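Given next are the chains, with one letter for each unit.
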Amino acid sequence: QVTKAALLFLNFASANSFVRERGLTSAFATMSTTSPSNPFKRTKFNSELPPSTKVIGTHSGTFQCDEALGVWLLRQIPEYRQSKVVRTRDQEILDKLDIVIDVGGTYEHSALRYDHHQRSFDETFDEHHTATKLSASGLVYKHYGKEVIRAHYPDLNDAQLNIAYLKMYDSFMEAIDGIDTGVEIAPVCAYKDSTGLSARVGRLNPRWNEEGDDTDPDQRFEIASDLCGRDFLGVLEYVVESQIPAIQFVEEAVLARMDVDSSGEIIKFGSGGLPWKSILYDMERKHKVDPLIKFVLYTDQGGMWRIQAVSVEGQGFTNRVSLPAEWRGVRDADLSSIAGIPGCTFCHNSGFIGGNESYDGVLEMAKAALARNEES
């Protein structure tokens, strides 16, 4: 089984694919797997360091997630550590500040001015994200994101840092940009989500009819900025401490797929918990996998074998192949009887996941689902 230690001290060379595909230089081979240091452990900031004397500027009035997050990002790097923030729309004041985001009508990196509201603005993160223009936080992340990540994970090598930088934009930053710049997540949405970071930051603004001593917008802004930072670090921790160490194991499973089944459409992990989904798509592209993988087999924490359908890339709830309709919502002996496979434990109502007491049993479930799909 995959142990936690093995996840942390992987053979870094096998994770090169992600950075190679994005045109980046790999440095995974520069770190020994026997190194006593753990590059995936977040460091603690030195609270004794004096705050920076440089001042960050942003706009006054109602605040949004993009500038609240942008300020937090800047404060993570030494040059702006614990910097004072001035919230104003007075251009004369803004002109005197060291760095200004989300106001001022200028985007000029050399001048440390990062506004995105001007008509001529057309900046995106890279050539892979052309649909989403950058917000203020996106601009800050594009120019300073690697420094921010390095501040919290100083032992990452260059390749690991590049992977974290790209995955954080995909997993976190782009959504903030899209919401702020008006890019719909889909042409038609079935429901509205008000639980995201941008919505939660918006609700921190003083209400129109709110009274009391704690309604100062500048104080509320600091609360919002801290909230943004905690969410950012939560995702960053998952990316660096879970996703990046898993790359090797997903790639090895993809390369060994013919040992699992001659179809090449089923892969197996020694244990569950690996964040395999986004990595699997990368590995399929890297190794030109055809046909694409349809099912993943692994054990859960209780030792039960599970079969999980691989979703269509970019869609969370559409499977490449689902488990048969007549299995769905059925359990234990009834499911074994219907499927003709001993040891079945359950099949989810949506057909995306099922279980069996043994590896042989869950493999037979995968084979049966593939055969049923071919028949249809």
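An account of the accompanying structure is given in this report.

Reading guide: rules and limits
Residues numbered from 1 in each chain as written. Predicted model: local features only at pLDDT ≥ 70, side-chain atom pairs only at ≥ 80, totals over all residues. Heavy atoms only, no water. Helix = DSSP H or I, 4+ residues; strand = E, 2+ residues; numbered from the N terminus. Buried < 20%, exposed > 50% of the residue type's maximum accessible area, 1.4 Å probe, protein only. Contact = heavy atoms within 4.5 Å. Areas by Shrake-Rupley, 256 points an atom, 1.4 Å probe, with all protein chains shown as cover. Lys, Arg positive; Asp, Glu negative; His and termini not counted. Charge placed at Lys NZ, Arg CZ, Asp CG, Glu CD. Polar contact = N/O pair within 3.5 Å; in protein donor to acceptor, adjacent residues only side chain to side chain. Pairing = 2+ DSSP bridges. Axes fitted to C-alpha atoms, helices over the stretch in contact; angles between N-to-C directions. Phe/Tyr/Trp six-rings, centres within 6.5 Å; stacked < 30°, edge-to-face > 60°. Salt bridge = Lys/Arg side-chain N within 4 Å of Asp/Glu carboxyl O. 1 Å grid on protein atoms, 1.4 Å probe; cavity = no way out; pocket = protein on both sides within 12 Å on 5 of 7 lines; lining within 4 Å. Points joined across faces, edges and corners; volume = space filled by probe spheres on them. Parallel < 35°, antiparallel > 145°, perpendicular 65-115°, else oblique. Nonpolar A, V, L, I, M, F, W, Y, C, P; charged D, E, K, R; others polar.

Considering the overall build of the chain
Now for step 1: A count of helical and extended segments in the chain gives 12 helices and 10 strands.
Now for step 2: Along the first, second and third principal axes, the C-alpha set of the chain runs to 75 × 50 × 40 Å.
Now for step 3: Buried positions account for 49% of the 376 residues belonging to the chain.
Now for step 4: Within the chain, residue pairs in contact and separated by at least 24 positions form 66% of the contacts whose partners lie at least 6 positions apart.
Now for step 5: Total accessible area on the chain stands at roughly 18,700 Å², and carbon and sulfur atoms take up 49% of it.
Now for step 6: Distance between charge centres in the chain, computed from 39 positive and 54 negative side chains, equals 1 Å.

Overview of the side chain of threonine 124
Now for step 1: Relative to the helices and strands, threonine 124 is located in the loop between β5 (113-114) and α5 (136-152).
Now for step 2: Only 3.5 Å separates the side chain of threonine 124 from the backbone oxygen of aspartate 126, close enough to count as a polar contact.
Now for step 3: Leave out the neighbours within four places in its chain, and threonine 124 touches His129, Thr130, Thr132, Lys133, Leu134 and Lys142.

Details of the sheet that holds strand β9 (residues 344-347)
Now for step 1: The strand order β6-β7-β8-β10-β9 describes an open sheet built from 5 strands, whose pairing is mixed. Both outer strands of the open sheet, β6 (266-268) and β9, are each paired with one neighbouring strand and no more. Taking the axes of each pair of neighbouring strands and ignoring which way they run, one obtains an average angle of 20° across the sheet.
Now for step 2: Here strand β7 (residues 295-299) runs beside strand β8 (residues 305-309); their pairing, made up of 5 bridges, is antiparallel. Directly across from valine 296, in β8, lies its bridge partner glutamine 308.

Some points on the packing of aromatic side chains
Now for step 1: Per the counting criterion, the structure on display carries 12 aromatic pairs.
Now for step 2: Ring geometry for phenylalanine 63 and phenylalanine 221: centres 5.9 Å apart, planes at 80°, overall edge-to-face. Remark: phenylalanine 221 occurs in helix α8 (residues 217-255) and phenylalanine 63 occurs in the loop between β1 (55-58) and α3 (65-74); sequence separation between them is 158 residues. Each of the two residues, phenylalanine 63 as well as phenylalanine 221, counts as buried.
Now for step 3: A centroid spacing of 5.6 Å and a plane angle of 85° characterise the contact between phenylalanine 172 and phenylalanine 232, whose relative ring orientation is edge-to-face.

Notes on the pattern of salt bridges
Now for step 1: Counted by the stated rule, this structure contains 19 salt bridges.
Now for step 2: For arginine 75, the salt bridge is made with glutamate 222, and the minimal N-O distance between the two is 2.8 Å. Of the two residues, arginine 75 is situated in the loop between α3 and β2 (84-87) and glutamate 222 in helix α8; the sequence distance between them amounts to 147 residues.
Now for step 3: Of the residues examined, glutamate 222 reaches a relative accessible area of 32% and is grouped as partly exposed.
Now for step 4: With its nearest N and O atoms 2.6 Å apart, the salt bridge here joins glutamate 123 to lysine 142. With glutamate 123 in the loop between β5 and α5 and lysine 142 in helix α5, this residue pair connects regions lying 19 residues apart in the sequence.
Now for step 5: When its relative accessible area of 24% is taken as the criterion, lysine 142 is described as partly exposed.

Description of the pairing of β9
Now for step 1: Judged from the 3 bridges that link them, β9 and strand β10 (residues 353-356) form a sheet pairing that is antiparallel. Bridging from a neighbouring strand, phenylalanine 346 pairs with glycine 355 of β10.
Now for step 2: If you look at the hairpin formed by β9 and β10, you'll find 5 residues sitting between the two strands, and glycine 351 has a positive phi there, around 80°.

So, unusual backbone geometry
Negative phi values dominate among residues other than glycine, just as trans dominates among peptide bonds.
Now for step 1: A cis geometry characterises the amide bond from aspartate 290 onward to proline 291, with omega recorded as 5°.
Now for step 2: Along the chain, proline 291 falls in the loop between α10 (277-286) and β7.
Now for step 3: Its identity as a non-glycine residue notwithstanding, aspartate 332 has a phi of 50°, on the positive side.
Now for step 4: The topology assignment puts aspartate 332 in helix α11 (residues 332-339).

Section: the layout of surface pockets
Now for step 1: Approximately 2,100 Å³ is the volume found for the largest pocket.
Now for step 2: As for the largest pocket, its lining consists of 44 residues, of which Asp170, Ser171, Glu174, Ala175 and Ile185 are closest to the centre.
Now for step 3: Of all the elements in the fold, those that place two or more residues in the lining of the largest pocket are α2 (16-21), α6 (158-181), α7 (197-202) and α10.
Now for step 4: Here the lining of the largest pocket takes 9 residues from α6, the largest share from any one element.

Some words on the packing of α3 against α8
Relative placement of two packed helices is described by the angle separating their axes and the distance separating the axes.
Now for step 1: Across the interface, α3 lies against α8 with an axial gap of 8 Å and an inter-helix angle of 70°. It follows from the interaxial angle that α3 and α8 lie roughly perpendicular. Contacts between α3 and α8 involve Cys65, Glu67, Ala68, Leu69, Val71, Trp72 and Leu73 on the former and, on the latter, Phe221, Ala224, Ser225, Cys228, Gly229, Phe232 and Leu233.
Now for step 2: A breakdown of the residues in the contact of α3 with α8 according to their chemical character gives 11 nonpolar, 2 polar and 1 charged.

Comments concerning the environment of lysine 288
Now for step 1: One can find lysine 288 in the loop between α10 and β7.
Now for step 2: Given the relative accessible area of 71%, lysine 288 is considered exposed.
Now for step 3: Measuring from C-alpha to C-alpha, the distance between lysine 288 and valine 148 comes to 34 Å, with 140 residues separating the pair along the chain.

Thoughts on the sheet that holds β1
Now for step 1: In spatial order, the strands read β2-β1-β3-β5-β4; together these 5 strands make up an open sheet with mixed pairing. Taken across any chain shown, the strands that pair with only one partner, and hence form the sheet edges, are β2 and β4 (107-108).
Now for step 2: As judged from the 2 bridges shared by strand β3 (residues 99-101) and β5, these two strands associate in the parallel manner. The partner of valine 100 across the bridge, within β5, is arginine 113.
Now for step 3: Relative to β2, α8 is tilted by about 125°, and along the sheet it contacts β1 and β2.

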